[in-house]
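# Descriptive analysis of the structure
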Amino acid sequence: MTTKPFNGKALYQPKGKAGEYAKWACNFYNGCSNGCEYCYCKQGVLAHVMGGSQPTLKKCFKDKQNALDTFIDEVASLDAQQQESIERYGVLFTFTSDPCLPETYALNLLTINRLTQIYPAIILTKCTDWIDTAIGQEVLEHNTMRTHNLAVGFTLTGHDELEPNAATNAERIAAMSRLHDMGIKTWASIEPIIDLESSMEMIKQTCEFCDHYKIGILKGKKYDYMQLRSFAAYVAINACRPIYFKDSFLAAAKLNRAELMNQYRRCVDADYSIFEK
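First things first, this report covers the structure right here in the doc. (Residues numbered from 1 in each chain as written. Predicted model: local features only at pLDDT ≥ 70, side-chain atom pairs only at ≥ 80, totals over all residues. Heavy atoms only, no water.)

### Some details on the environment of Ala-167
On the secondary structure map, Ala-167 appears in the loop between strand S7 (150–155) and helix H7 (169–182). Residue classification places Ala-167 among the buried positions, given a relative accessible area of 12%. The contacts of Ala-167, once residues within four sequence positions are left out, are Lys-126, Cys-127, Thr-128 and Arg-172. (Helix = DSSP H or I, 4+ residues; strand = E, 2+ residues; numbered from the N terminus. Buried < 20%, exposed > 50% of the residue type's maximum accessible area, 1.4 Å probe, protein only. Contact = heavy atoms within 4.5 Å.)

### Points about empty space enclosed by the protein
Scanning all chains against the criterion turns up one cavity of 30 Å³ or more. Taken as a whole, the largest cavity encloses approximately 250 Å³ of empty space. For the largest cavity, the lining is made up of 20 residues, of which Tyr-21, Ala-22, Ile-122, Lys-214 and Tyr-272 are closest to its centre. Class assignment for the residues of the lining of the largest cavity results in 12 nonpolar, four polar and four charged. (1 Å grid on protein atoms, 1.4 Å probe; cavity = no way out; pocket = protein on both sides within 12 Å on 5 of 7 lines; lining within 4 Å. Points joined across faces, edges and corners; volume = space filled by probe spheres on them. Nonpolar A, V, L, I, M, F, W, Y, C, P; charged D, E, K, R; others polar.)

### Points about the packing of aromatic side chains
Applying the stated criterion to the full structure yields seven aromatic pairs. Geometrically, the ring pair formed by Phe-28 and Phe-61 is edge-to-face, given 5.8 Å between the ring centres and 70° between the ring planes. Here Phe-61 lies in the loop between strand S4 (56–57) and helix H3 (64–76) and Phe-28 lies in the loop between strand S2 (25–26) and strand S3 (29–30), a separation of 33 residues in the sequence. Residue Phe-28 shares its accessibility class with Phe-61, and that shared class is buried. These aromatic residues form a ring-pair network of at least three members: Phe-28, Phe-61, Phe-71 and Phe-93. Above the plane of the ring of Tyr-223 lies Lys-221, whose end atom (NZ or CZ) is 5.6 Å from the centre. (Phe/Tyr/Trp six-rings, centres within 6.5 Å; stacked < 30°, edge-to-face > 60°. Lys NZ or Arg CZ within 6 Å of the ring centre and 35° of its normal.)

### Some details on the pattern of salt bridges
Overall, the coordinates contain six salt bridges when judged by the stated rule. Close ionic contact of Lys-23 with Asp-271 constitutes a salt bridge, the shortest N to O distance being 3.2 Å. Within this pair, whereas Lys-23 is found in the loop between helix H1 (16–21) and S2, its partner Asp-271 is found in the segment after helix H11 (257–263), the two being separated by 248 residues in sequence. Overall, the relative accessible area of 24% leaves Lys-23 in the partly exposed class. Notably, a salt bridge pairs Glu-191 with Lys-246, separated by 3.0 Å at the nearest N-O pair. (Salt bridge = Lys/Arg side-chain N within 4 Å of Asp/Glu carboxyl O.)

As structure tokens, this is what we get:
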């Protein structure tokens, strides 16, 4: 019997394109101060809610303590099948903001520290300063010394000018290398592809210390499908890590996932988990 999708105030199971990217996620905030020009939260009918230039706690929470308590209660309410799923895939922080902004990292990292005592957590960020904060060091020490339930990912586009308030791509790459040396699982979101040359360079610079790649195109941008195919082949041969090409990438490249996975053993589908032993 299939369990009904979980949809709490903080913890939920993403649907659609978001569901392709993560099986579980937590959003405490809407809005982001990184100022990325391509941000998907700034597009569509909900842009006025999700695309603000300053992160704000979601209105369903009274305050930060209420947000944390709500998340803990929702995790505790999971049934056995949901527990098994979250144990395998972890919880992504976050789709509607950056979890490691100066305005957001305290609540997110405190929550992650609680969660990773039992279940895995996944960070996706463009920030690096949080690593040297007290709570950042506590989370990292907790997961290198005991649980190993944390994966930290950085968005890498190679275009700092499109991400004016974020850490530079070079700073993110240096942070990824540092975390990998500490024993933390690392991954890269090579999305959106602004141009293939820059994305390829990001992969070249990280392939020795990145444990997983997720690759996607920029919505609305026209790509030459043969160039995308060449890029996919290069990455699949040289990255030396599990690679997930998003459905939109495969559609633009006119590629079939099953055939790609059969041809290149490093290519994986959406069921792959970085926490798999």
